[in-house]
Amino acid sequence: MTEKDFPPGFRWGTATAAYQIEGAVAEDGRGPTIWDDFVRRPGAVRRGDTGDIACDHYHRWHDDFDLLDELGVNAYRFSIAWSRILPDGAGRINGAGLDFYERLTDDLLQRGISPMVTLYHWDLPSALQARGGWAARETADRFGEYVRVVADRLGDRVPQWLTLNEPYCSAFVGHLDGLHAPGIRDEATAVTAVHHLLLAHARGVEALRAANVVGEVGITLNLTSVRPASADSDDVAAAQRVDLFENRLFLDPLFRGRYPDDARSFYAGVTDFAFVRDGDLRAISAPLDFMGVNYYERHAVEANPADPVRGWHRVPPESPTITGIAVEPQGLREVLERVTREYTPLPVYVTETGLALFDYADPSGAINDAEREEYFRAHIDAARQAMHAGVPLAGFYPWSLMDNFEWAWGYGCRYGMYYVDYATQQRIPKRSALWYRDFLAAREVPRLTPVRAAE
Ligand code: FCB
């Protein structure tokens with residue numbers, strides 16, 4: 001790779017999410033969320049781990065931001081916990097929550113590190129789950145109100161906003177697989193949640209625009225690269241079905257203002273889409289300023305003879321990593337090119353990609369995550385190739401700054417560039433962190449000057 005490959009102003013970052021790193025779940029007025037509830041369900045999370053303490057980032061954020069300086073990034077993606085701002089999900093505003101995220105934002109801006117703020121990274125306030133959660137249309141309106149409160153405080157300085165992180169996971173992993181909060185297993189509820197999440201995105205965009213925020217507005221989808229395992233027409237049809245619910249069910253409403261034609265037939269016995277009301281799709285497809293892509297998976301799909309109408313199988317990869325997923329950088333190139341070719345000319349950011357490992361400190365204290373270093377190198381290269389093929393790629397944010405609470409895995413696997421010793425909360429740079437630091441240093445990545453609204 002050469003200096004010229006990535007344009008000036010390219011955002012080199014890293015990413016985190018509130019519940020995964022903050023801890024301090026009962027401090028300064030934070031209200032409970034569906035993840036606080038879910039982690040207490042026996043068997044829901046490995047070893048019964050919780051985010052109660054996590055990386056204690058709520059208290060250590062300033063030292064953690066020193067790590068960003070050490071890496072030399074010029075961008076950082078974090079999420080705001082809705083229940084720190086509105087402990088009951090709606091109504092009463094908790095000023096201490098706004099103050100916290102204002103401190104984070106201002107400190108990043110002072111360091112020349114451009115914040116990308118995710119407004120919803122899966123931590124729905126419990127009070128809203130009690131009123132139906134994402135199965136209830138009203139939750140989208142509550143999200144819009146919450147976004148308005150945040151925008152009123154931070155809209156004059158945050159350069160980039162993401163409404164939602166990975167609505168696929170919120171909807172399907174949370175409401176069909178039951179592996180994430182709120183732990184529901186019902187397909188009709190899951191598809192209803194898809195629509196209400198997309199509607200929340202719409203309400204969030206409306207709130208940000210109404211508040212005249214200076215920053216750009218986008219959404220992050222986790223997109224997969226899906227291909228049929230063979231040219232057999234049954235396998236091709238099965239791959240199209242998987243592509244429907246993993247990708248097109250989100251991309252089409254956002255960028256084409258409609259659900260894909262095959263959605264209604266695929267879900268025929270499940271739901272009639274009566275939850276879609278006039279005007280919803282127009283609002284969901286309102287113009288954005290950029291698009292975020294999280295990439296982890298590329299897979300081959302074959303038909304399931306036991307269920308030829310809706311069924312499918314994933315062909316297990318030859319070299320799976322500990323999560324069962326293979327390392328397939330080519331898939332990142334494929335999803336990026338697809339977004340540009342089929343959906344939108346908007347600037348695209350890789351807002352997450354990363355590798356789970358069972359990292360450990362060797363006797364000398366070093367954490368030798370050579371596989372993660374290679375993963376990042378290969379995925380940056382794949383993104384560069386996509387860019388050369390015409391994708392307006394504008395930033396790259398490896399997941400994650402440091403090890404953290406990995407949802408249903410708890411602390412059982414690690415994604416960080418910094419190793420977290422949870423007993424002492426010490427952060428130790430892994431080999432991948434040193435590599436990323438050197439990679440950025442070699443490119444002389446300039447810090448970014450903040451945008452500010454006119455006084
Ligand atoms: C993504 C999530 C992120 C993290 C990574 C490993 O699906 O957005 O919070 O858990 O996976």
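Look up a bit, the structure's there.
Scoring rules and cut-offs
- Each residue is numbered by its place in its chain's sequence as written, counting from 1.
- Residues qualify for local features only when their pLDDT is at least 70, as the model is predicted, and side-chain atom pairs are given and counted only at 80 or more; totals for whole chains, interfaces and linings, by contrast, use all residues.
- Based on all heavy atoms of the structure, the side-chain values leave hydrogens and waters out of the count.
- What counts as a helix is a DSSP run of H or I of at least four residues, what counts as a strand is a run of E of at least two, and both are numbered from the N terminus.
- Under this definition, polar contacts are N or O atom pairs within 3.5 Å; protein pairs additionally need one hydrogen-donor-capable and one acceptor-capable atom, and for neighbouring residues in sequence, both atoms have to be side-chain atoms.
- In this analysis, strands are considered paired if DSSP registers two or more bridges between them.
- When the strands point away from the viewer and the path from the first strand over the helix to the second turns clockwise, the crossover is right-handed.
- A pairing counts as a salt bridge when a side-chain nitrogen of Lys or Arg comes within 4 Å of a carboxyl oxygen of Asp or Glu.
- Burial classes: relative accessible area under 20% of the type maximum marks a residue as buried, over 50% as exposed, and values in between as partly exposed (1.4 Å probe, protein chains only).
- Lining residues are those with an atom within 4 Å of a point, where the points come from a 1 Å grid over the protein atoms alone and group into cavities, where a 1.4 Å probe fits but cannot get out, or pockets, open sets with protein on both sides within 12 Å along at least five of seven lines.
- Grid points are joined across faces, edges and corners, and a volume is the space filled by probe spheres set on the points.
- Residue classes follow a fixed rule: Ala, Val, Leu, Ile, Met, Phe, Trp, Tyr, Cys and Pro count as nonpolar, while Asp, Glu, Lys and Arg count as charged, and any other residue, Gly among them, counts as polar.
- The criterion for a residue being near a molecule or strand is simple. One of its heavy atoms has to lie within 4 Å of it.
- In short, Shrake-Rupley with a 1.4 Å probe defines the accessible areas, and a residue's cover is counted only from the protein chains shown.
- A cavity or pocket is said to hold a molecule if more than half of that molecule's atoms lie within 2 Å of its grid points.
- Joining through side-chain atoms within 4.5 Å is the link that ties buried Ala, Val, Leu, Ile, Met, Phe, Trp, Tyr and Cys residues into a set, and such a set is a nonpolar core.
- Contact criterion: two residues are considered in contact whenever any of their non-hydrogen atoms come within 4.5 Å of each other.
- Here a helix's expected span is defined as the number of its residues, less one, multiplied by 1.5 Å.
- Taking the helix axis as origin, the arc is that swept by the directions to the C-beta atoms.
- A pair of Phe, Tyr and Trp rings is counted when the ring centres sit within 6.5 Å of each other, with Trp represented by its six-membered ring. The angle between the planes then sorts it: under 30 degrees is stacked, over 60 is edge-to-face, the rest tilted.
- For a lysine, the NZ atom is tested; for an arginine, the CZ atom; a charge sits over a ring if that atom is within 6 Å of the ring centre and within 35 degrees of the ring normal.

(A) Expanded view of the environment of Arg-185. You can see Arg-185 is positioned in the loop between helix 8 (167-175) and helix 9 (187-210). Taking the C-alpha atoms as reference points, Arg-185 and Ser-225, 40 residues apart in sequence, are found 25 Å from one another. A distance of 3.3 Å separates the side chain of Arg-185 from the backbone oxygen of Asp-177, its partner in a polar contact.

(B) Geometry of the pairing of strand 9 (residues 393-396). Of the strand pairs in this sheet, strand 1 (residues 11-12) and strand 9 are connected by two bridges, and their pairing is parallel. Within strand 9, the position partnered with Arg-11 by the bridge is Gly-395. As paired strands, strand 8 (residues 348-352) and strand 9 are joined by three bridges and run parallel to one another. Looking across to strand 9, one finds that Tyr-349 is bridged to Gly-395. Chirality of the crossover, the property in question, places the unit of strand 8, helix 14 (residues 370-388) and strand 9 among those that are right-handed.

(C) Examining the pattern of salt bridges more closely. Counted according to the given criterion, the structure contains 46 salt bridges. The salt bridge involving Arg-111 is made with Asp-69; its shortest N-O contact spans 2.5 Å. Of this pair, Arg-111 sits in the loop between helix 5 (95-110) and strand 3 (114-120) while Asp-69 sits in helix 3 (residues 57-71), and the two are 42 residues apart along the sequence. For Arg-111, a relative accessible area of 13% corresponds to the buried category. Notably, a salt bridge pairs Asp-106 with Arg-157, separated by 3.0 Å at the nearest N-O pair. Taken as a pair, Asp-106 in helix 5 and Arg-157 in the loop between helix 7 (138-154) and strand 4 (160-165) lie far apart in primary sequence, 51 residues in all.

(D) Spotlight on empty space enclosed by the protein. One pass over the full model with this rule turns up four cavities of 30 Å³ or more. In this structure, the largest cavity spans a volume of roughly 80 Å³. Residue lining of the largest cavity: Tyr-296, Thr-321, Thr-323, Ile-325, Ala-326, Val-327, Gly-354, Leu-355, Ala-356, Tyr-375 and Tyr-415, and that is the complete set. When the residues that make up the lining of the largest cavity are grouped by side-chain class, the tally is eight nonpolar, three polar and no charged. Space inside the second largest cavity adds up to approximately 60 Å³. In this structure, the second largest cavity is lined by Ile-34, Trp-35, Tyr-120, Trp-122, Trp-134, Cys-169, Ser-170, His-175, His-180 and Ala-181. In terms of residues, the lining of the second largest cavity owes the most to one element, helix 8, which gives three residues. Within the lining of the second largest cavity, the residues separate by chemical class into seven nonpolar, three polar and no charged.

(E) Inspection of the site of the ligand at higher detail. Neighbouring the ligand are Gln-20, His-121, Trp-122, Asn-165, Glu-166, Asn-294, Tyr-296, Glu-352, Trp-399, Glu-406, Trp-407 and Tyr-415. Taking His-121, its side chain carries an N or O atom lying 2.8 Å from an oxygen atom of the ligand. Here the ligand, which alone exposes 290 Å², has 94% of that area covered by the protein. More than half of the atoms of the ligand fall within 2 Å of the grid points belonging to the largest pocket.

(F) Just the nonpolar core, in detail. Ranked by size, the top nonpolar core spans 137 residues in total, and within it Trp-12, Trp-35, Tyr-101, Tyr-146, Phe-172, Leu-336 and Tyr-436 carry the most contacts. The element contributing the most residues to this core is helix 9, with 12 residues. When sequence neighbours within four positions are dropped, the list of residues in contact with Tyr-436 reads Trp-12, Gly-13, Leu-71, Val-73, Ile-380, Phe-396, Pro-398 and Met-417. Leu-162, Tyr-296, Ala-394 and Trp-409 belong to the second largest nonpolar core, which has 15 residues in total.

(G) Representation of helix 15 (residues 431-443). With 13 residues, helix 15 extends 19 Å from end C-alpha to end C-alpha; this agrees with the ideal 18 Å at 1.5 Å per step. Residues of helix 15 that are buried include every one of Ser-432, Ala-433, Trp-435, Tyr-436, Phe-439, Leu-440 and Arg-443, and no others. Taken around the axis of helix 15, the buried residues stretch over an arc of 160 degrees, which confines them to a single face. Counted as exposed and oriented over 90 degrees from the buried face of helix 15: Ala-441 and Ala-442. Positive backbone phi, approximately 50 degrees, marks Glu-444, located one or two places after helix 15.

(H) Spatial organisation of the packing of aromatic side chains. Under the defined criterion, the tally for this structure stands at 44 aromatic pairs. Summarising the aromatic geometry, the rings of Phe-290 and Tyr-349 are spaced 5.1 Å apart at their centres and angled 75 degrees between planes, so their arrangement reads as edge-to-face. Of the two residues, Phe-290 is situated in the loop between helix 12 (280-284) and strand 6 (291-302) and Tyr-349 in strand 8; the sequence distance between them amounts to 59 residues. Assigned by exposure class, Phe-290 and Tyr-349 land together as buried. Relative to Phe-376, the ring of Tyr-375 has its centre 6.0 Å away and its plane inclined at 80 degrees; by these criteria the two rings are edge-to-face. When sorted by exposure, Tyr-375 lands in the same class as Phe-376, which is buried. These aromatic residues form a ring-pair network of at least three members: Tyr-168, Phe-172, Phe-245, Phe-250, Tyr-259, Phe-266, Tyr-267, Phe-273, Phe-275 and Trp-312. Against the face of Trp-409 rests Arg-46, its NZ or CZ located 3.9 Å from the ring centre. We note Arg-84 situated over the ring of Phe-100; from NZ or CZ to the ring centre the distance is 5.9 Å.

(I) Representation of helix 13 (residues 329-343). Over its 15 residues, helix 13 runs 21 Å from end to end, which matches the ideal 21 Å to within 8%, given 1.5 Å per residue. Looking at helix 13, one finds that the buried residues are Gly-331, Leu-332, Val-335, Leu-336, Glu-337, Arg-338, Val-339 and Tyr-343. Of the surrounding elements, those touching the buried residues of helix 13 are strand 5 (216-228), helix 10 (233-256), strand 6, strand 8, helix 14 and strand 9.

(J) Inspection of the side chain of Gln-160 at higher detail. Inspection of the secondary structure assignment puts Gln-160 in strand 4. Relative accessible area serves as the criterion here: at 0%, Gln-160 is assigned to the buried category. A polar atom in the side chain of Gln-160 sits 3.2 Å from the side chain of Arg-11. Side chain to side chain, Gln-160 and Tyr-349 meet in a polar contact 2.9 Å long.

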